[in-house]
Amino acid sequence: MSDALSEGDALRRMYRITADQERPFEEKLPDLLDLGRAYLDVETGFLTEIDGETQVIVDARGDHELLQAGRSCPLSKAYCRRTVDMDGALTVQHARVEGWESDAAYEEFGLEAYIGAKVVVNREVYGTFCFADTDARDRPFSEDEETFVELLAQWVGYELFRKQATERMQRQRDQLEEFSRVVSHDVRNPLGIVDGYLDLAEETGDPEHFERCRDAVDRMESLIDDLLFLTREGQAIGGREEVDLAALARESWSFVTTGDATLAVDTDRVALGDWSRLQQVFENLFRNSVEHGGDGVSIRVGDLADGSGIYVEDDGAGIPEAERDEVFVDGYTTGASGTGLGLTIIQQVVSAHGWEVAVTESAAGGARFEITGMEFVGDGTDGGE
């Protein structure tokens, strides 16, 4: 390392970097890591994110092979597992002397000197902001150095929170724009239908025209219900509970106008999820099959062969391969009566659970939706379609 900076120089440089509103967080972070390395006279600086029981290196400066961006390790083998339990900074001057020699983190990384502080985002621990060296220090980290690292960690937490808030506001703006588009276009169409058929009803007295008006009003109600779900609830789930998928499927079926369609349920698995949100998924999948699968469509719910999730399929007309990448886009529909938002709701709820959904073709040539990445209670079954 080069000659260490004074405290005053380090704070002035930190202020200049963090106060630069023209540069994004991703550009300022490496400069702060380099600044910390110079001020603390250590070889490595890194930002971590803790994901469950795993530590992931978000960004790093220095030549340590295991401390590079994108690398990960079990949290049990990381110095940071102790850092997150500290109110201030965790410091190590000489690891072997201070009892770290048999610690899993020391065995994994071989760091003799270490200083780190936890990064908190929206009152939850995000990860840590750390500096380290494979050589021991000839003196302990000073109180000023601890404060410096704590200030950096606080700034990173603030920037990450601001970034998340900005992204959340952008999603809300996008939703409002979509809301405006649907209200101005899709709701206007059935309103025009109502207006036209009311004129015909007044002129002819034919009750069939009133029936057409009722159909148009029903479509508007469906649009409004779907829009409200997307803007209020589609992005979030409540607490997870044990969900009997067979019971959920049958209950969801009871809330859908199914006509001559039939349902077969071939699963006994219990998933961890939000019952009410998952009910919305099943209802929309069933409604999609009934509306687009043709008269007497047969629908089946079953386990995927690899045990990673479930499928909902039908023997209807299916979805053309060229259109499968578009089915989760707002407004996609192949029928005159659909709102085009049901499949968007499905994707949002599935994503909110941390799962994935994909569309393919069933053995009978119909539509098949596969939900993967699900968490089940116990061993469950291995599927077998």
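About the thresholds
Residues numbered from 1 in each chain as written. Predicted model: local features only at pLDDT ≥ 70, side-chain atom pairs only at ≥ 80, totals over all residues. Heavy atoms only, no water. Helix = DSSP H or I, 4+ residues; strand = E, 2+ residues; numbered from the N terminus. Buried < 20%, exposed > 50% of the residue type's maximum accessible area, 1.4 Å probe, protein only. Core = buried A, V, L, I, M, F, W, Y, C linked by side-chain atoms within 4.5 Å. Phe/Tyr/Trp six-rings, centres within 6.5 Å; stacked < 30°, edge-to-face > 60°. Pairing = 2+ DSSP bridges. Axes fitted to C-alpha atoms, helices over the stretch in contact; angles between N-to-C directions. Contact = heavy atoms within 4.5 Å.

A. Highlighting the environment of Asp274. Among the secondary structure elements, Asp274 is positioned in the loop between β9 (270-273) and α9 (275-292). Since its relative accessible area comes to 7%, Asp274 is described here as buried. The spacing of Asp274 and Ala352 is 78 residues in sequence and 9.9 Å in space, taken between C-alpha atoms.

B. Up close: the nonpolar core. Core analysis: the biggest nonpolar cluster contains 34 residues, and Leu245, Phe282, Phe286, Phe369, Ile371 and Met374 have the highest contact counts within it. Taken together, the elements giving at least two residues each to this core come down to α8 (245-254), α9, β10 (298-303), β11 (309-314), α10 (342-352), β12 (356-361) and β13 (367-372). By size, the runner-up hydrophobic cluster in this structure holds 30 residues, among which are Leu5, Met14, Leu40 and Ala117.

C. Representation of the packing of aromatic side chains. The full count for this structure, using the stated rule, is seven aromatic pairs. With 4.7 Å between their ring centres and 65° between their planes, Tyr39 and Phe148 make a pair best called edge-to-face. Taken together, the residues span a long stretch of sequence, with Tyr39 in helix α2 (residues 25-40) and Phe148 in helix α5 (residues 143-186) at a distance of 109 residues. Classification of Tyr39 by relative accessible area gives buried; the value is 6%. Ring geometry for Phe129 versus Phe131: centroids 5.5 Å apart, planes at 75°, classification edge-to-face. For Phe131, a relative accessible area of 0% corresponds to the buried category.

D. Seen up close, unusual backbone geometry. Located in the positive-phi region is Asn122, a residue other than glycine, with phi close to 55°. Take Asn122: it is sitting in the loop between β5 (113-121) and β6 (124-133). In this structure, Arg123 is a non-glycine residue whose phi angle is positive, near 70°. In this fold, Arg123 is placed in the loop between β5 and β6.

E. Looking closely at the sheet that holds β12. Strand order in the open sheet formed by five strands is β8-β10-β11-β13-β12, with mixed pairing between adjacent strands. Among the strands making up the open sheet, the edge pair consists of β8 (262-266) and β12. Averaged over all adjacent pairs, the angle separating strand axes in this sheet is 15°, with direction ignored. Across five bridges, the pairing between β8 and β10 is parallel. Bridging across to β10, Val265 finds its partner in Val301. Seen against the sheet, α8 touches β8, β10 and β11 and runs at an angle of roughly 170° to β8.

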